[in-house]
Amino acid sequence: MLFILKKMFYILALLLVNLYVCEYVNNKLTARMELRRGYRITRAKGVGFPLVRFFKYLSRSGRINIWTFFIFLLSLLMWSAVPITANLVLIEMDYSLLIAVTFYIGLIIMLFFNLSRTSYSAAFSETSKKVLILLSFLIPALFSIVSVVLISKTLSLKEIVNSQYQYWNIILQPLGFITFFISLFLQFKLLGISGKSYLSTGINIGKEGTGLGKIVERFSIYMIVFFLIIILNILYLGGWQGIYLIRGEIILAIKFYFIFVILLLMDKAVGRIDSYNLLVRINWKFLIPVSLVNFIVTFGFFMARDVYNLI
Amino acid sequence: MADSIYNRIYSSSRSVFMEETGENLEFILKDKIKYIFKTGLDLLIVVSKDNFYQTAKELKENPELKVNSFQSIAAFKSGKKNFLIVNLKSFDNDFSVLLKVEISQREMEKDYREIIEILEKFYKAVKFYKHRGKIISGDYDIKILSRSLEGLDCFDLDISMDGDVVREAYVNIGISRIIGDDYYKSMELYNLITYISRFDWKAGIFPEACLCGAFEELLQLKVTERAQYIRMLLCELYRISNHIYFISNICNVLQHDIAYNLSLLERERVLRIIEAITGSRIVPNFVRIGGVKKDIDEEMILNIRKNLPVLFKNIKRIEKIMINDFLVVERLKNTGTVGKEIALEYGISGPNLRASSVRYDLRKVKDSISYKDFSFTIPIGKTGDCLDRISVRFKEIFQSLRIINQIINKFPSGSFIKKINLSHLEFQSSAVSYGIECPHGLFKIYIEVEKNNINSLVVKGPSINSLILSEEILKGNKIEDIDLILMSLDISPGEIIST
Amino acid sequence: MLRLIKNFFIVFGNIFRKPRTVIYPKEKIIIPDESRGVLHLKLDLDSLEVICNGCGLCSAICPQGCIKVKKRIEDKGREVLDEFCLDLSKCIFCGNCVEFCKMGAIDMSYKYQHAEYDKKNLRLEKIELIKPSSTIRDFW
């Protein structure tokens, strides 16, 4: 029992430290990309900025939905099945990928409902549109996940990492990596890490929360991004596998921050995408066909190798 | 066809043409009007209230006249009488008409309403001036407050929705202060010049130049060549500054941060030059009746010459970054399209009109300052959507740079002001209307003077027409595009105040 | 698509470029020569007296009515400025007073910091307007 508590504490501490660093890097780098200096009121180059922002949001009063509670719970629960490193995982099981993905989809649906701040009937009238947005990044990501599963023949995340001891999956699945990365980028853009969130479309456009609800929202948005980056690492970039003498944890941290900075840069380079027509068109004309082709090729390969023993 | 081309090129023949149209109008409307005469830019027709319907009908439906565009309507007080002035324009025959109607003191509301009802039968845009309290307060789904639209803090927007699409939009300018005609009455002339640039805080030189031009027209004063060149230089600098600010606003809406920052930096560069010449950034207070306040020295010209190629290079870069980005083009194309017919009917002017493929520029048509010394072209768009409105403005910036280059290269010597004593001025009782091509459109001033005081002064900015048009073109668009369309019309909040 | 890749490299390069913003109290930008700031009463360099003779033209033409001038007559019949009061809370910095002054006694300084806690401090008297510190080329 104590062992699990200790692990939980480690995971929470790691997430919080990561959150603090990412918020600071986000603020500083986006400012530098716009040729500004960023937040400078606190000393030491604005290291205290995330704390200041936390208290600033907290000082405003805002009403809290029932959804915010669920969001907070789910965004913590999501980490129960995901192995951050080889030992840092709460529950070890064979279907960890399946459970993690379901938690993640649930969290995104919760966020949709939370961000529609008018009455729920109005929220349901917009559902069709939101489902389209949801599909525009979920389907290609799921396709590429399935094709990775077909290659490594397990649903356990730990096994997937271990199967990459020779070479990473990015060499076997370049198309899958590209589609997963673009769908990750679109989510990053829509969730609004460095600007406004455009998830709330239609009537609710431009309505953002205040107070404690806002903090929980932002926390969960960061959690989704962390989760996706770590999944990307595990599926394609070899997870926590060490290179030569360098420890796996350090390699993982380097990869994590590299991807985060690349995402921030791309976020600034691309303008606002809030017209859902464009999103759907990007999805149906580029992402889904490419990921489908990738899936069919891997499926054929899988059938030929394992079922009919041709190769 | 040949006639119209001829008239556009030679302004002297145009004035002959104006007199001819005046005689024609007098012949056609003989029984219905009191009298007609030429006042600067327009033909002033004084009509009694009973004959107003027939006059308006004749103007609209006579195939020789074809007065198809409604420009503005304004009420003012002259002496103890109340007047209503209606500005109509014919783009085919290229003349504009001011209808001056007297309304009685006692039943002012009733008379105003009657005239609006008459005009509404012929021109769609007039419905904006009706009393619309009931419509606005009752049936709408969303109210967009003025503070939520950045840079457009002069009106509320009430929208009724059909799912995600705008069914109807009402602009409510009730929150902006409305300056009456009395505000100018007790003011001295030099103070009026200092205050008038507040009408347009995006490009402050144009109201001043317009007012001073109107008084020069009244006094039949010819300004020295050097003063004219300095005025033109400042006008073009302010035009560039305004257009770059417009582009930065559009980039802010699109969240296109690279172009946003670069365009703000270029605006800063232009504003520095303006500040060095006039002493202030927003409100120049620089133009005087008979010339300008201060001379420009060699050092300043050298400074401008040094900055011109840098400006050209950087703005070209911004254009490349914006127009080549397929995401931006995807967003701007086919949103907020303004057809040629609608544009003419609602009487918008300036770059917005030119984007809908109407080649009309007051700099070429009527030579208010001496623009005919220089060679430049008037860019026009094809369809009149948001992309056209932006690219027309980009092209206009390059034309302005071209004009500035020519101004610097042949800067004439001489005095920069003709000193006149303002305190002992005495006018004959007369009226004048004067216009200038400001970056938003056509800025107009109508003045009536008698002896040594200004009887009435009506200021008409171009933004109000764009605002009325926005009610029409917002219909059928998505809610995400509202701020983009409103921003692409380049509305200056200062001008809305004086309606 | 090519434009997006170019944009990516522009953004990446911006990280290593010098920021364009200034930290206000530490860094300053030079304002141009002719910029209009708070009024300054010129001094005659020989006698170190105010050039202004208190004719009151500036207070008459001021569009906001923020200048108040009082003059007194000395023994020899010479008119001398007694009081000169500027209300900064009303002033719009139009520069008409400088233009209309016949003596050339008024100047526009580069002073820019107008923020005050107390409204009374915005009423500047003659002594404060003469102070040379406010006329030495300041920066913002």
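Residues numbered from 1 in each chain as written. Chains lettered and ligands numbered in written order. Predicted model: local features only at pLDDT ≥ 70, side-chain atom pairs only at ≥ 80, totals over all residues.

S.K.: Is there a simple way to think about the overall build of chain C in this case?
M.R.: Across its full length, chain C holds four helices and five strands. In sequence order, chain C lays out its α and β elements as α-β-α-β-β-α-β-β-α. Radius of gyration (C-alpha) of chain C: 22 Å, far over the 14 Å computed for a compact globule of 140 residues. Across its three principal axes, chain C shows a C-alpha extent of roughly 85 × 30 × 30 Å. The burial tally for chain C puts 21% of its 140 residues in the buried class. In chain C, 71% of the contacts between residues at least 6 apart in sequence involve partners at least 24 apart. (Helix = DSSP H or I, 4+ residues; strand = E, 2+ residues; numbered from the N terminus. Rg over C-alpha atoms; globule rule 2.2 N^0.38 Å. Buried ≥ 20, exposed ≤ 12 C-beta atoms within 10 Å, placed from the backbone. Contact = placed C-beta atoms within 7 Å.)

S.K.: Any chance you could explain unusual backbone geometry here in plain terms?
M.R.: Residue and element names in this part refer to chain B. Backbone geometry places glutamine 255, a non-glycine residue, at a positive phi of 55 degrees. Inspection of the secondary structure puts glutamine 255 in the loop between helix H8 (225-254) and helix H9 (257-278). Assessed through the 19 C-beta atoms surrounding it within 10 Å, glutamine 255 is described here as partly exposed. One non-glycine residue, serine 357, lies in positive phi territory at about 60 degrees. Take serine 357: it is sitting in the loop between helix H13 (351-355) and helix H14 (362-365). When the 15 C-beta atoms within 10 Å are taken as the criterion, serine 357 is described as partly exposed.

S.K.: Hey, could you run me through the interface of chain C and chain A in this one?
M.R.: One frequently used descriptor of interface size is the decrease in accessible area upon assembly of the parts. Facing the twelve residues of chain C at the interface are twelve residues of chain A. Partitioned by chemical class, the residues of the side of chain C that touches chain A number seven nonpolar, three polar and two charged. (Nonpolar A, V, L, I, M, F, W, Y, C, P; charged D, E, K, R; others polar.)

S.K.: Help me understand helix H1 (residues 2-33) of chain A, please; the structure alone is not making it clear to me.
M.R.: Note that an α-helix has 3.6 residues per turn; residues three or four places apart therefore point the same way. Between the first and last C-alpha of H1(A) there are 46 Å, a value that for 32 residues agrees with the 46 Å anticipated at 1.5 Å per step. Among the residues of H1(A), those classed as buried are Tyr24(A), Asn26(A), Leu29(A), Thr30(A) and Met33(A). Contact partners of the buried residues in H1(A): helix H3 (49-59) and helix H12 (248-269) of chain A together with helix H1 (2-14) of chain C. Note on H1(A): the residue one or two positions beyond its end, Leu35(A), has a positive phi of about 60 degrees. (Expected span 1.5 Å × (residues − 1).)

S.K.: Would you mind showing me how to read the sheet that holds strand S1 (residues 33-39) of chain B here?
M.R.: What holds strands together in a sheet is hydrogen bonding between their backbones, with the strands either parallel or antiparallel. Residues and elements named next belong to chain B. The strand order across the open sheet built from five strands is S1-S2-S5-S4-S3, with neighbouring strands paired in mixed fashion. For this open sheet the edge positions go to S1 and strand S3 (69-78), each flanked by a neighbour on one side alone. On average, each strand axis in the sheet is inclined to that of its neighbour by 20 degrees, with strand direction left out of account. Bridging between strand S2 (residues 42-47) and strand S5 (residues 95-103) involves five bridges; their strand directions are parallel. Pairing of leucine 44 across the sheet is with leucine 98, part of S5. (Pairing = 2+ DSSP bridges. Axes fitted to C-alpha atoms, helices over the stretch in contact; angles between N-to-C directions.)

S.K.: Would you mind showing me how to read the sheet that holds strand S3 (residues 79-87) of chain C here?
M.R.: Residues and elements named next belong to chain C. Pairing is antiparallel in the open sheet, where three strands are placed in the order S2-S3-S5. Two strands close off the open sheet at either side, each with one partner strand: strand S2 (67-73) and strand S5 (123-124). The sheet contact formed by S3 and S5 spans two bridges and is antiparallel. Pairing of leucine 86 across the sheet is with leucine 124, part of S5.

S.K.: I keep staring at the pairing of strand S7 (residues 156-162) of chain B and nothing clicks. Help me out?
M.R.: When a strand is regular, its side chains alternate between the sheet's two faces. Residues and elements named next belong to chain B. Of the strand pairs in this sheet, strand S6 (residues 142-144) and S7 are connected by three bridges, and their pairing is antiparallel. Directly across from lysine 143, in S7, lies its bridge partner aspartate 158. Looking at chain direction, S7 and strand S8 (residues 165-172) are connected through seven bridges and run antiparallel. Pairing of serine 160 across the sheet is with glutamate 168, part of S8. Hairpin remark: S7 followed by S8, antiparallel, with two residues in the connecting loop; positive phi at glycine 163, about 75 degrees.

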